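# Architecture and fold: a report
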Amino acid sequence: MSDAVEFDAKMLEAMVCPVTHATLSYDAKTQELVSKTAHLAFPIRDGIPVMLVDEARKLD
């Protein structure tokens with residue numbers, strides 16, 4: 001059993017990209033919220049999304 005805290009996907013319904021205000025998708029494998037329009041992936045740490053642009057990973 002893993003000690004990792006799971007992200008509540010229901011939270012995704014209320015969240016938008018802080019840059020574009022577009023919807024986000026959840027990537028369970030990388031534990032990130034992905035904004036396809038902004039080409040950014042926001043990390044989820046201990047079950048909490050970090051929605052800071054400075055913390056986001058740029059997507060190719």
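For the structure, check the block above.
The rules we used
Residues numbered from 1 in each chain as written. Predicted model: local features only at pLDDT ≥ 70, side-chain atom pairs only at ≥ 80, totals over all residues. Heavy atoms only, no water. Buried < 20%, exposed > 50% of the residue type's maximum accessible area, 1.4 Å probe, protein only. Helix = DSSP H or I, 4+ residues; strand = E, 2+ residues; numbered from the N terminus. Pairing = 2+ DSSP bridges.

In this section: the pairing of strand β2 (residues 32-35). Here β2 shows two buried faces, one formed by E32 and V34 and the other by L33 and S35. Judged from the 3 bridges that link them, strand β1 (residues 25-27) and β2 form a sheet pairing that is antiparallel. Among the inter-strand pairings, S25 is bridged to a residue of β2, identified as V34. Between β1 and β2, which pair antiparallel in sequence order, lie 4 residues; one of them, Q31, sits at a positive phi of approximately 55°. When β2 meets strand β3 (residues 40-45), the two strands line up antiparallel, connected through 4 bridges. Looking across to β3, one finds that E32 is bridged to P43.

Let's shift gears to unusual backbone geometry. The general pattern is negative phi for most residues beyond glycine and trans for most peptide bonds. The backbone of H21 shows a phi angle near 65°, a positive value even though the residue is not glycine. Along the polypeptide, H21 turns up in the segment before β1.

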